[in-house]
Amino acid sequence: MDQAATPSELLTLRQAATFLGVHPRTVRRWASNHQLQGRQVGTRGDWRFTPDDLLKMVKTMSAQDTDDLHSGQATPRSASTRQRETRTRMNASLAYVETFLETAREPFLVLDDALCVIAANQLFVTTFQLGKAVLAGQPLSELGHHQWDIPSLQSSLQEVVRTEQSITDYELIHDFPLLGRKTVLLNARYIPQTRLLLLALEDVTDERESKQAAEVAHERLYDLLMHAPAFVAVISGPDLLFEIANPSYRQLLGIERPLDGKPLLEAVPDIDPTLLQIVKNVAFTGKRFIANELPVTLDWDMNGKPSTRFLNLIYEPLYNKEKQPDGLMCFGYEVTTQVEARQATERAELQREQQARMFDQMLAVVQDFIYMFDASGRFLYASQSLLNLLQLSLEEIKGKNFHELPYPEDLATTLQAYITQVLTTGKPIVDETPFTSPAGELGYYEYIFVPVIDAEGSVVMVVGSTRDITQRKHQDRQKEDFMGIVSHELKTPVTSIKAFAQVLQKRFAQAGDEKAALLLGKMDAQINKLTALIEDLLDATKIEGGQLQLNTSWFPFQELVLEVIEELQRTTSRHHIDLLGTADILVSGDRDRIGQVITNFLTNAIKYSPRSEKIQVQLSTDQRTVSLSVKDFGPGIPHAEQEHIFERFYRVRGNTYDTVPGIGLGLYIAAEIIERQGGKIWVESEEGQGSRFSFTLPIHR
């Protein structure tokens, strides 16, 4: 019953009977039995009906109800009387039809038995876009430019008129020229007393398309679920019927046959009681069940070899229209790979933690400071020995650079620059420095910074170590002091011995004792070597103490070179020293010390190329510098040895070099002399092809 209907829209019992073409008692019976919707009004309970009530009844009333029409009339009438009564009823019926046609909520059409339009409501005109054309009297087939010229529909309606049998929910699918393809549900009833054909129509195109789209979506979803690698099952109803059970779920249960439509206990009679209880609990109480990384041992590959895999399972309750739990959806997927990967990661992490603890324990007994820096030059790690020195904890030092720690500003700047240099160049750095700890203790430390390079060749961090060399420094100083004292004390007696030897040699020569004079000459040569060794020791001691004095003056460079070559040429009869190029300019520097460097180069060339006959001295100048190089043709120096060749007490190792006397101070002193005067010194050598020692000096300083 439409509660929104106004009294003027309500039809009486007799009006409803006239419209439906039945006896009023039939209408009263339908209303009392709730076959026809209506309402009772007034103290007598008179029935009233809306147009929608009557339209719904047209769709549902059966043909046999027409037998009750006018069953109370027993008195025969003449033919003319019956015709007048029929016309009266038709006019009344049409009046009632026109009254509620416009209030009907769906397209409605009234035809005569020739299928011509008697009346149509506005909703019919609007729905089928018939415009303002006059429809009354037009054949149905001519409506809307013959849009309704549908032979199958014509035939069906003619059959309704002929047999007086109603049709319900007749589905008409037709391509309307103006509307396109439409699906229309049609209900038709012929009322013989009025010779009217009532036609109710409902456009269900959108509904059918939506239903079809839903069916397609359902099929796609079903296909997706059936082919999904996850476990999917839908179980519903009190009997726990399987609606869906995809192959993965069946494999989980070890069942190959389809389960759709079967009760759970019939499909899986040997189901685990615990699992059955979980299913019932979810399906009937609505409590969700979730299991993560659940180990399940089954014959997964169906080859008779059970194995354990890990699953994530969710049992989600489903609800019926009354919002009561009425089933569940099971969804799950295998996470064996992820679990095994995580377990492997956890094992690796545990192993790393054990290694880190072991590493820390090892470093705890190492006196050297060990540390690591990230790509921005900030601390990642520091050993306990360094933390003790700085009086800080590891957390206090992490993420900080040298400037943010208790280091002197100049030292922090130097160390931070070294870190940046290693990160940029990828080359290690070794140096040493004095450092006063926060406790006020002065010490000397040697440190090394080394790059850590990844697979792509990029420097990703810097590791380093620092060693306390304070004791070694003190020992070196004591040794240098001892060497300085010994060298100084030896110099005077050696000078005296040399003078006595020269006097004796002269006297023996005058006396004609040539053998004694020869021996004294050899003695004098050895004294000269001892004197040179003492001079080297004294120079090395002065260099270490910062006391090497340089006496600068202007002198002709090439003249000095010629003097040294002439002097040393007298000492060797096997080698010939060739001078190539010129440098006829004045140079500002310590003439004697530069001569000492040239002498060292030539002496080494003579000593280390005993089988060669040639030594080359090359001179060259430019606007700013003068250069000298000495080329020998000896065995050459290995590349690994060349970077250490100018270090104090360093001697090249090998059978060829071990037989040559020396203590490894000559080149160390030479490098200090050249660098102190603003020059550069270096060596170039290939094994088997000799060596070239060179230096450059600025012309003006």
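Our subject is the structure listed above.
Residues numbered from 1 in each chain as written. Predicted model: local features only at pLDDT ≥ 70, side-chain atom pairs only at ≥ 80, totals over all residues. Heavy atoms only, no water.

Observations concerning helix H15 (residues 409-425)
For clarity, the cut-off: Secondary structure is summarised from DSSP: a helix means a run of H or I of at least four residues, a strand means a run of E of at least two, and numbering begins at the N terminus for each. Residue count minus one, scaled by 1.5 Å, sets the expected span of a helix. Under the scheme applied here, a residue whose accessible area is under 20% of the maximum for its type counts as buried, over 50% as exposed, and between as partly exposed, the area being computed with a 1.4 Å probe on protein chains only. Picture the helix axis, draw a direction to every C-beta atom, and the arc is the one those directions span. Only heavy atoms matter for contacts: two residues are in contact if any of them lie within 4.5 Å across the pair.
Here H15 spans 24 Å end to end across 17 residues, near enough to the 24 Å set by a 1.5 Å rise per residue. Burial in H15 covers these residues: Leu-411, Ala-412, Leu-415, Gln-416, Tyr-418, Ile-419, Val-422 and Leu-423. Within H15, the buried residues cover an arc of 150° as seen down the axis, which keeps them to one side. Opposite the packed face of H15, turned more than 90 degrees from it, sit the exposed residues Asp-410 and Thr-424. Of the surrounding elements, those touching the buried residues of H15 are strand E13 (369-373), strand E15 (429-436), strand E16 (442-453) and strand E17 (459-468). Gly-426 occupies a position one or two residues after H15 and carries a positive phi of about 75°.

Observations regarding the sheet that holds strand E22 (residues 625-631)
Formally: Following DSSP output, two strands are said to pair if at least two bridges run between them. The axes are straight lines fitted to the C-alpha atoms, using for helices just the contacting stretch, and the angles between their N-to-C directions are given from 0 to 180°.
As summarised here, the arrangement of the five strands in space is E19-E21-E22-E24-E23, forming an open sheet in which the pairing is mixed. Because the sheet does not close on itself, it has two edges, and the strands there are strand E19 (576-580) and strand E23 (680-685). For this sheet the average axis-to-axis angle between neighbouring strands, irrespective of direction, equals 15°. Inspection of the sheet shows E22 paired to strand E24 (residues 691-698) by seven bridges, in the antiparallel sense. Along E24, the bridge assignment pairs Lys-631 with Arg-692. Running over the sheet, helix H18 (residues 557-569) touches E19, strand E21 (614-621), E22 and E24 and is turned about 170° from E19. Contacting E19, E21, E22, E23 and E24, helix H19 (residues 591-607) crosses the sheet at an angle of about 170° to E24.

Some words on the nonpolar core
Put simply, the test is: Among buried residues, the Ala, Val, Leu, Ile, Met, Phe, Trp, Tyr and Cys ones that are joined through side-chain atoms within 4.5 Å form a nonpolar core.
Grouped together as the largest cluster of nonpolar side chains are 41 residues, with contacts concentrated most on Phe-557, Ile-598, Phe-601, Leu-602, Leu-628 and Phe-695. Put simply, the parts of the chain that give this core at least two residues each are H18, H19, E21, E22, helix H22 (666-676), E23 and E24. Those residues in contact with Phe-695 that lie beyond four places of it in its chain are Phe-557, Ile-594, Val-597, Ile-598, Phe-601, Val-626, Ser-627, Leu-628, Ile-674, Lys-680, Ile-681 and Trp-682.

As for the packing of aromatic side chains
For clarity, the threshold we go by: We call Phe, Tyr and Trp rings a pair once their centres come within 6.5 Å, taking the six-membered ring for Trp, and we label the pair stacked below 30 degrees between planes, edge-to-face above 60, and tilted otherwise.
The tally for this structure, following the rule as stated, stands at 24 aromatic pairs. Ring centres of Tyr-447 and Phe-449 lie 5.3 Å apart, and the angle between their planes is 35°; this geometry places the pair in the tilted category. Accessibility assignment for this pair places Tyr-447 and Phe-449 in one class, buried. In this structure an aromatic cluster arises from ring pairing among Tyr-371, Phe-373, Phe-379, Phe-402, Tyr-407, Tyr-418, Tyr-447 and Phe-449.

Quick look at empty space enclosed by the protein
As a reminder of what qualifies: Points on a 1 Å grid, built from protein atoms alone, make a cavity when a 1.4 Å probe fits but cannot get out and make a pocket when they are open with protein on both sides within 12 Å along at least 5 of 7 lines; residues with an atom within 4 Å of a point are the lining residues. Grid points are joined across faces, edges and corners, and a volume is the space filled by probe spheres set on the points. Side-chain classes follow a simple rule in which Ala, Val, Leu, Ile, Met, Phe, Trp, Tyr, Cys and Pro form the nonpolar group, Asp, Glu, Lys and Arg form the charged group, and the remainder, Gly included, forms the polar group.
Counted by the stated rule, this structure contains one cavity of 30 Å³ or more. When its volume is computed, the largest cavity comes out at roughly 160 Å³. Lining the largest cavity are 13 residues, and of these Phe-369, Tyr-407, Leu-415, Tyr-445 and Thr-466 sit closest to its centre. Residue assignment for the lining of the largest cavity shows that the elements contributing at least two residues are E13, helix H13 (384-390), H15, E15 and E16. The residue inventory of the lining of the largest cavity, partitioned by class, reads eleven nonpolar, two polar and no charged.

Some points on the pattern of salt bridges
Short version of the rule: In what follows, salt bridge is the name for a side-chain nitrogen of Lys or Arg lying within 4 Å of a carboxyl oxygen of Asp or Glu.
The full count for this structure, using the stated rule, is 17 salt bridges. In this structure, Arg-309 and Glu-334 form a salt bridge, with 3.5 Å as the shortest nitrogen-oxygen distance. Separated by 25 residues along the polypeptide, Arg-309 in strand E11 (residues 307-319) and Glu-334 in strand E12 (residues 325-334) bring together distant segments of the chain.

As for the pairing of E23
Alternating positions in E23 separate cleanly, Ile-681, Val-683 and Ser-685 being buried on one face and Lys-680, Trp-682 and Glu-684 remaining unburied on the opposite face. Where E23 and E24 come together, six bridges link them in antiparallel fashion. Residue pairing in the sheet places Lys-680 in a bridge with Thr-696 of E24. What sits between the antiparallel neighbours E23 and E24 is a turn of five residues, in which Gly-688 has the positive phi angle 85°.

Structural notes on the pairing of strand E4 (residues 117-120)
Within a regular strand, side chains alternate between the sheet's two faces. Here three bridges tie strand E3 (residues 108-112) to E4, and the two strands are oriented antiparallel to one another. Bridge pairing in E4 links Leu-111 to Val-117. Between the end of E3 and the start of E4, which pair antiparallel, lie four residues, with Leu-115 showing a positive phi angle near 65°.

Notes on the side chain of Lys-631
Rule in force here: None of His or the chain ends enter the tally, which takes Lys and Arg as positive and Asp and Glu as negative.
Summarising the element assignment, Lys-631 is placed in strand E22. Look at Lys-631: it is buried, it has no salt bridge, and the nearest opposite charge is Asp-632 at 5.9 Å. In contact with Lys-631, not counting residues within four places along its chain, are Ile-615, Gln-616, Gln-689, Gly-690, Ser-691 and Arg-692.

Focus: the environment of Asp-632
One can find Asp-632 in the loop between E22 and helix H20 (639-642). Since its relative accessible area comes to 7%, Asp-632 is described here as buried. Between the C-alpha atoms of Asp-632 and Ser-612, which are 20 residues apart in sequence, the distance is 7.9 Å. Contact partners of Asp-632, with chain neighbours within four places excluded, come to Ala-605, Ser-609, Gln-689, Gly-690 and Ser-691.

A few points about the layout of surface pockets
Space inside the second largest pocket adds up to approximately 460 Å³. Together, 21 residues line the second largest pocket, and Leu-252, Leu-253, Asp-272, Leu-275 and Val-296 are the ones closest to its centre. For the lining of the second largest pocket, the secondary structure elements donating two or more residues are helix H9 (247-253), helix H11 (273-285), strand E10 (289-298) and E11. Take the lining of the second largest pocket: its biggest share by element is five residues, from E10. For the lining of the second largest pocket, the class distribution of residues is 16 nonpolar, two polar and three charged.

A short note on the packing of H18 against H19
Put simply, the test is: Angles are sorted into four bins: roughly parallel if under 35 degrees, roughly antiparallel if over 145, roughly perpendicular if 65 to 115, and oblique for all others. Each crossing gets its hand from how the near helix is turned against the far one by less than a right angle, where anticlockwise is left-handed and clockwise is right-handed.
Here H18 crosses H19 at 40°, and the two axes come no closer than 10 Å. One way to sum up the angle between H18 and H19 is to call them oblique. When the axes of H18 and H19 are compared, the crossing they make is right-handed. Contacts between H18 and H19 pair Phe-557, Glu-559, Leu-560, Val-561, Glu-563, Val-564, Ile-565 and Leu-568 from the former with Arg-591, Ile-594, Gly-595, Ile-598, Thr-599, Leu-602, Thr-603 and Ile-606 from the latter. Tallied by class, residues from the contact of H18 with H19 come to ten nonpolar, three polar and three charged.

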